[in-house]
Amino acid sequence: MTSEEIYREIKASQNGQDWHHKNCFGCGPDNPRGLHASFPFHEPTGEVRFDWKIEKAFEGAPGYAHGGALATLLDEAQGVLCFHLGHFVMTDQLYMRYYKACPLGEELEVRCWVTMVRRRRLYTKGTVHLKRTGELLLSSKARWYDMPDRVFARMFQGTAFPVDTILKVLEENQKRGKEIRKRLKREKAKSV
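Along each chain, residues carry numbers from 1 onward, in the same order as the chain's sequence is written. In keeping with the predicted nature of the model, local features appear solely for residues at pLDDT of at least 70, side-chain atom pairs appear and are counted solely at 80 or more, and the whole-chain, interface and lining totals rest on all residues. Working from all heavy atoms in the structure, the side-chain values ignore hydrogens and water.

Enquirer: Would you mind showing me how to read the overall build of the protein chain here?
Expert: Along the backbone of the protein chain there are 4 helices and 6 strands. Elements are defined by DSSP. Helices are runs of H or I of four residues or more, strands are runs of E of two residues or more, and each kind is numbered from the N terminus. Taken from the N to the C terminus, the helices and strands of the protein chain come in the order α-β-β-α-β-β-β-β-α-α. Along the three orthogonal principal directions, the C-alpha set of the protein chain runs to about 50 × 45 × 30 Å. Evaluated residue by residue, the protein chain yields a buried proportion of 43% over its 192 residues. Within the protein chain, residue pairs in contact and separated by at least 24 positions form 63% of the contacts whose partners lie at least 6 positions apart. To be clear on the numbers: accessible area is Shrake-Rupley with a 1.4 Å probe, and residue cover counts the displayed protein chains and nothing else. As displayed, the protein chain offers around 10,700 Å² of accessible surface, 50% of which is attributable to carbon and sulfur atoms. The buried label applies to any residue whose accessible area, calculated with a 1.4 Å probe on protein chains only, is under 20% of its type's maximum; exposed applies above 50%, and partly exposed to all values in between. Here, two residues are considered to be in contact whenever any of their heavy atoms come within 4.5 Å of each other.

What follows is the structure in structure tokens.
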């Protein structure tokens, strides 16, 4: 979705690029050194889920991904998840656990979900699996600070997306998030 489409019809975000600037290190298509991940929202589960390959530019040990690039991937994926659910957040804490080295050029499965929301804090988890084998390569837990609108407005004033437009997208995302939580609770109650 282009920024022009968002301006015409405000609706809930589906990808990180729906609302973020083009030079973002995580999702920006114009950042030549960025990750270029899209961080799509998976509505049936209320998660961010996607397949991704880590490029040679993010190499650490020969043939394997740098741990910092993987931390960036999961930090951004979990942060975008919070946005998709209607929260503008800033990383408060990020905990990474690396189980196995992550090979370059292999298809990875990335999955992130919210575990808890308390006052102005959100808690998320994320995993990266090797798609070919299903092996867990790394996991992450994060705590997020839900930013007040005034701070958000100050940070994004004068950027590509007008603040009022992003706030309207956040409202739509909050509505969607509430509907998903209700639906998941009903499904869980039925299965018990």
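Let us keep going from here.
Enquirer: Even after reading the chapter, I still don't get helix α4 (residues 163–191), so can you show me in this structure?
Expert: Structural remark: α-helix, 3.6 residues per turn; residues separated by three or four positions point the same way. For α4, with 29 residues, the first-to-last C-alpha span of 42 Å sits near the 42 Å given by 1.5 Å per residue. Looking at α4, one finds that the buried residues are Val 163, Thr 165, Ile 166, Val 169, Leu 170, Asn 173, Arg 176, Gly 177 and Ile 180. Multiplying one less than the number of residues by 1.5 Å gives the expected span of a helix.

Enquirer: Looking at this structure, how should I read the pattern of salt bridges?
Expert: Where charged atoms of side chains with opposite charge meet at close range, the side chains can pair. The working definition used for a salt bridge is a side-chain nitrogen of Lys or Arg within 4 Å of a carboxyl oxygen of Asp or Glu. Per the counting criterion, the structure on display carries 11 salt bridges. Put simply, Glu 43 and Arg 176 hold a salt bridge, and the shortest N to O gap is 3.5 Å. Residue Glu 43 is found in the loop between β1 (41–42) and β2 (47–53), and its partner Arg 176 is found in helix α4; the two are separated by 133 residues along the sequence. The partner of Arg 121 in a salt bridge is Asp 92, with the nearest N and O atoms 3.3 Å apart. Taken as a pair, Arg 121 in strand β5 (residues 121–130) and Asp 92 in strand β3 (residues 89–98) lie far apart in primary sequence, 29 residues in all. Since its relative accessible area comes to 28%, Arg 121 is described here as partly exposed. For Asp 92, a relative accessible area of 32% puts it in the partly exposed group.

Enquirer: Could you clarify how one ought to interpret the pairing of β2 in this entry?
Expert: In regular strands, side chains alternate between the two faces of the sheet. Bridge count for β1 against β2 is 2 bridges, and the pairing is antiparallel. Note on β2: the bridge partner recorded for Phe 41 is Val 48. Where β1 folds back onto β2 in an antiparallel hairpin, the turn is made up of 4 residues, including Gly 46, whose phi is positive at roughly 70°. As paired elements, β2 and strand β4 (residues 107–118) share 6 bridges and run antiparallel to each other. Across the sheet, residue Arg 49 finds its bridge partner in β4, namely Arg 111. Here, strands pair whenever DSSP counts at least two bridges between them.

Enquirer: It is not clear to me how the nonpolar core should be interpreted in this structure. Could you clarify?
Expert: Generally speaking, soluble globular proteins have nonpolar side chains that are buried together. Only buried residues count toward a nonpolar core. Its members are Ala, Val, Leu, Ile, Met, Phe, Trp, Tyr and Cys residues joined through side-chain atoms within 4.5 Å. In terms of nonpolar packing, the biggest core is built from 43 residues, with Phe 39, Phe 50, Trp 52, Ile 54, Leu 73 and Val 110 touching the most fellow members. Elements with a minimum of two residues in this core: β2, α2 (67–84), β4, β5, β6 (136–146), α3 (149–156) and α4. Among the elements that line this core, the one with the most residues is α2, at 9 residues. Among all residues touching Phe 39, those that are not within four sequence positions of it are Gln 14, Asn 15, Gly 16, Gly 26, Cys 27, Val 48, Phe 50, Leu 73, Glu 76, Ala 77, Val 80 and His 84. One finds Cys 82, Val 89, Ala 142 and Trp 144 within the second-largest nonpolar core, a separate group that totals 5 residues.

Enquirer: Is there a simple way to explain the UniProt feature "domain: Thioesterase" (unreviewed entry) in the protein chain in this structure?
Expert: UniProt positions are given in the numbering used here, feature names are shortened, and annotations may be inferred rather than shown by experiment. Per the UniProt entry, the sites bearing "domain: Thioesterase" (unreviewed entry) are residues 63–132 in this numbering. For the annotated span residues 63–132, helix accounts for 26% and strand for 46% of the residues, and the straight-line distance between the end C-alpha atoms is 17 Å.

Enquirer: Any chance you could explain a positive patch on the surface here in plain terms?
Expert: Grouping into patches uses exposed residues only, defined as over 30% relative accessible area, and leaves out salt-bridged ones; the cut-off is 9 Å for like charges and 5 Å for nonpolar side chains (Val, Leu, Ile, Met, Phe, Trp, Tyr). Under the counting rule used here, the positive set is Lys and Arg, the negative set is Asp and Glu, and His together with the chain ends is not counted. Throughout, a charge is located at the NZ atom of Lys, the CZ atom of Arg, the CG atom of Asp or the CD atom of Glu. On the surface, a cluster of positive charge is contributed by Lys 178, Arg 181, Lys 182, Lys 185, Arg 186 and Lys 190. Note that Lys 178 resides in helix α4. Look at Lys 178 and you get exposed, because its relative accessible area is 51%.

Enquirer: What's the story with the packing of aromatic side chains in this structure? I'm lost.
Expert: Each aromatic ring pair is specified by the distance between its two centres and by the angle formed by the two planes. For this analysis, a ring pair means two rings from Phe, Tyr or Trp (six-membered ring only for Trp) whose centres lie within 6.5 Å, classed as stacked if their planes differ by under 30 degrees, edge-to-face if by over 60, and tilted for the remaining angles. In this structure the tally under the stated criterion is 2 aromatic pairs. Judged by centre distance (6.4 Å) and plane angle (85°), the ring pair of Phe 25 and Phe 58 falls under edge-to-face. Residue Phe 25 is found in the loop between α1 (3–8) and β1, and its partner Phe 58 is found in the loop between β2 and α2; the two are separated by 33 residues along the sequence. With a relative accessible area of 37%, Phe 25 lands in the partly exposed category. Seen in terms of ring centroids, Phe 39 and Phe 50 are 5.4 Å apart; in terms of plane orientation they differ by 85°. Their pairing is edge-to-face. Within this pair, whereas Phe 39 is found in the loop between α1 and β1, its partner Phe 50 is found in strand β2, the two being separated by 11 residues in sequence. Phe 50 carries the same exposure label as Phe 39, and that label is buried. Here, a charge over a ring is recorded when the distance from Lys NZ or Arg CZ to the ring centre is within 6 Å and its angle to the ring normal is within 35 degrees. The ring of Trp 113 has Arg 111 lying over it, and the distance from NZ or CZ to the ring centre is 4.3 Å.

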